[in-house]
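Tertiary structure, described
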Amino acid sequence: MPDGTESPSIQIHPDQPLETEERDKLGYWEYGKRIATALEGAPNQEGIVASINGPWGTGKSTLLRFVRQNIDEFNLFTFNPWWFASQEDLTRRFLNQLGSDLITQGALYDETARNAFMQYTKAVGGAAKMIPGGMGIGKGFETIAEAFEGLTNIRALKSSVADSLKKAGPRLVLIDEIDRLTRDQMRSVFQLVRSIADFPKTSYLLAFDRELVADALSEEQGVSGNQYLEKIIEVPFDIPVPDSAALRDVLEDYLHPAFQSAEGPFDLDYWNSVYQNGMDRCIRNIRDVKRLTNALALTYPSVSEHVNATDITALELLRIRFPDVYDYVRRNKQEFVRSRSAIQKARRVGEQRERRQKHDNWAGLVEERDQDSVEALLISIFPLVKAELRETNYERQFDDWKTRRRACHPDFFEEYFRFEPRPSGLSNKKYRRALRELDTSAAFCARLRELKRDLPVRQENTIHLFLDRFIEEDVWKDEDVPYLDAIQSLVDASPLVLGLNQRRDESDHSNARLLARAIIRIRDEWQEEEQGDIDDEQIIEMIGEASMELLTATYMVEDEQGPTDFSDALRSGFTRRVRNPDLMNLLESEEIDLTLELIEKKYGLEEVHDIIRPQIQDSHGLAIFLKRLTKPRFGEGGQEQRIDGRQLARWLGPAFDRTIDRIQDLISEQGWGDQLLNKALRDFLDRYEEDEEEYRRFLPDESN
């Protein structure tokens, strides 16, 4: 907090109707006065039935209270039917409460009138129980009279009550919460108003969501719900739709004192942008404002030092309005946030178009009418979503996002979901325990083996989850481990990591690339903090001695960021190994295709031919080579993919025909190789024979 004093907190605002004009921010007080004046100016000998119509959360109860406070010429009676469980209770309780008020007000001026009202209440309450389906409008009272013919004269009782009430002053009955009732209870309320308690000088003001009630009463008595209501409601008042600017003023009055006094500057320009482009579409009424404020009152204080005030507001709004989308966001970080190493790749429009399809997943979690609002909200806080849905460049403001603790920065994304359970099975305790061993390779590898033994979570090994978190968080630096020791531990863990089943998601998260990104993260963080000279040659030597696959992945990941000192050093190290047969063992790599693709890209196809030739001279090497290249892997969306056989034909080049002959000879030999190696050979030969002409089109000329 800037001045060292206690920061104002966000206050809880209960979802209760307002009581005073001073608290009204939406102009309901003046509208309530106008309704009160209209009701008092209407002829009151027979009474009228009026209504306040509006969706849930728009302030009907507040407006009803403001009308009540501005009434001067009516005796008032308030009834809440939601308190009563059955149709019989509702009818009897209404009449009992009304009778008590009428007696208090002197409207039932003698014993005869009071006895008549009591007998009428008893008779009508019993009728409600006997006729559970209720009565139709216009003939309901006659139906009750027929049910009780010979027992009591209900008409006479009602007439006696009416004579007494004509001599008293006018009264207004206010009934709220009708739209929360069951269908039968709704009908009972309207029967009370138009048949059972349609007394002289008695007017009614009912508050409900017309659309919801009309739908519940649809086709009642052969007419639509709206027609049913038209027979009852004589004067409808529609609640004013709150102006979006007024709702924003209320929200800002509630939040900004706490935001502006919090640690770090409050960026008003960013707030204006996100509100206008995203939040404005998702805040419908004053109830949304209160729910959002109350959510922030509980969550914001404990995370205020780690989050951006605008982003936490937008995400809390997403949580209370569209909880399924919110849950999808927190469980799928990679679709909304990209690390520094992935920025250049994400800026390519071609990839954006492919990734756009992923956003159909969250779009399917909301109704079609809300999809544009949710999209606008996500675009306003996640530049990656904007880039992919609008096919624009991914704005590169990585350092600015980190300074402002934005949700779109990988270091801060998790902070916004601190109150939610982690979607993985990797606990903080297990994560930190592994981090503490980074300076000792053997101990660190032992910790990773413990993680590997954990049950997979959503088809992911916990080692994958560890590396994800390691790459995206700064926590590992707290352990004060020298960077070379940390890198050595990761490199020594490569056999364990590279041997895992590949994840069922995009190839950018292959095991080798995942481990490479972790190594690069350590190296870059050490350099950024200027903790000492970086020995890139030693890093590259560590990686190259451990795995050509890991060296290839590290070079590819770093190269995607554009030319850097480290990418230049990696290129030199990669070239040195590629062109030295003593150092280049292609068959050790589980993902040979990554290495061959990079060699072809950097040095040309002939270099690929020269490297493959000695690797497949013996039969075992040939079988391993084909097995590595033909095993299934998982691409975009978890779809199983295999390397294109035509690509394999290009890489074999002049050795292709000789390789086919060798494969046929090996298959014909009895007992050669193990079952998996035999299967790799047969699978390749089967695909070749099915599409031989197509394969041969991709061979260099000298092989045709």
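Being a predicted model, the structure only gives us computed values, none of them experimental.

1. Quick notes on the overall build of the chain
Each helix and strand in the chain was counted, giving 36 helices and seven strands. In the chain, which comprises 704 residues, the share counted as buried stands at 54%. Sequence separation of 24 or more characterises 75% of the internal contacts of the chain that already satisfy a separation of 6 or more.

2. Looking at a negative patch on the surface
A cluster of like negative charges, contributed by Asp 686, Glu 689, Glu 690, Asp 691, Glu 692 and Glu 693, occupies part of the molecular surface. For the negative patch, the secondary structure elements donating two or more residues are helix 35 (675-690) and helix 36 (692-696). Tallying contributions element by element places helix 35 first for the negative patch, with three residues. Residue placement: Asp 691 occurs in the loop between helix 35 and helix 36. The exposure class of Asp 691 is partly exposed, given its relative accessible area of 36%.

3. A look at the sheet that holds strand 5 (residues 235-238)
Taken in spatial order, the five strands of this open sheet run 2-3-4-1-5, and their pairing is parallel. A strand with exactly one partner marks an edge of an open sheet, and here the two such strands are strand 2 (75-79) and strand 5. Geometrically, the sheet is characterised by an average inter-axis angle of 20° between neighbouring strands, direction not taken into account. Bridge analysis of strand 3 (residues 171-175) against strand 4 (residues 202-208) gives five bridges, and the strand direction is parallel. Bridging from a neighbouring strand, Leu 174 pairs with Leu 205 of strand 4. Packing against the sheet, helix 1 (residues 28-41) makes contact with strand 1 (49-53), strand 3, strand 4 and strand 5, and its axis sits at approximately 175° to strand 5.

4. Quick look at the confidence of the model for the chain
Regions with low pLDDT carry predicted coordinates that are not meant to be interpreted in detail. For the chain, the average pLDDT comes to 77, and 76% of its residues sit at 70 or higher. Below pLDDT 50 for its whole length, residues 1-5 participates in seven contacts with residues either more than four positions away or in separate chains. A low-confidence stretch, residues 634-641 (pLDDT under 50), is modelled with 23 contacts involving residues beyond four sequence positions or located in other chains.

5. Some points on helix 7 (residues 183-196)
Residues separated by three or four positions in an α-helix point in the same direction, a consequence of the helix having 3.6 residues per turn. Its 14 residues give helix 7 an end-to-end C-alpha distance of 18 Å, which sits within 8% of 20 Å, the value for a rise of 1.5 Å per residue. Along its length, helix 7 shows its largest kink, about 25°, at Phe 190. Buried residues dominate helix 7, accounting for eleven of its 14 residues.

6. Details of the pairing of strand 1
Burial of strand 1 is extensive: five of the five residues sit out of reach of the surface. Neither face of strand 1 is left uncovered, since the one carrying Val 49, Ser 51 and Asn 53 and the one carrying Ala 50 and Ile 52 both have all their residues buried. Bridging between strand 1 and strand 4 involves five bridges; their strand directions are parallel. Each residue of the ladder has a partner; that of Asn 53, found in strand 4, is Phe 208. Where strand 1 meets strand 5, four bridges bridge the pair, whose relative direction is parallel. From the neighbouring strand, Ser 51 faces strand 5, where its bridge partner is Pro 236.

7. As for the packing of helix 29 (residues 565-578) against helix 30 (residues 592-603)
The angle between the axes and the distance between the axes are what describe a pair of packed helices. In contact at an axis separation of 12 Å, helix 29 and helix 30 are set at 105° when each is read in the N-to-C sense. Between helix 29 and helix 30, the interaxial angle falls into the category roughly perpendicular. The residues of helix 30 that touch helix 29, namely those facing Arg 571, Phe 574, Thr 575 and Val 578, are Thr 595, Leu 598, Ile 599 and Tyr 603. Broken down by class, the residue content of the contact of helix 29 with helix 30 amounts to five nonpolar, two polar and one charged.

Each value, and the rule that gives it
Residues numbered from 1 in each chain as written. Predicted model: local features only at pLDDT ≥ 70, side-chain atom pairs only at ≥ 80, totals over all residues. Heavy atoms only, no water. Helix = DSSP H or I, 4+ residues; strand = E, 2+ residues; numbered from the N terminus. Buried < 20%, exposed > 50% of the residue type's maximum accessible area, 1.4 Å probe, protein only. Contact = heavy atoms within 4.5 Å. Patch = residues over 30% accessible without salt bridge, like charges linked within 9 Å, V, L, I, M, F, W, Y side chains within 5 Å. Areas by Shrake-Rupley, 256 points an atom, 1.4 Å probe, with all protein chains shown as cover. Salt bridge = Lys/Arg side-chain N within 4 Å of Asp/Glu carboxyl O. Lys, Arg positive; Asp, Glu negative; His and termini not counted. Charge placed at Lys NZ, Arg CZ, Asp CG, Glu CD. Pairing = 2+ DSSP bridges. Axes fitted to C-alpha atoms, helices over the stretch in contact; angles between N-to-C directions. pLDDT = per-residue confidence, 0-100. Expected span 1.5 Å × (residues − 1). Bend = angle between axes of the 7 residues up to and from the residue. Parallel < 35°, antiparallel > 145°, perpendicular 65-115°, else oblique. Nonpolar A, V, L, I, M, F, W, Y, C, P; charged D, E, K, R; others polar.

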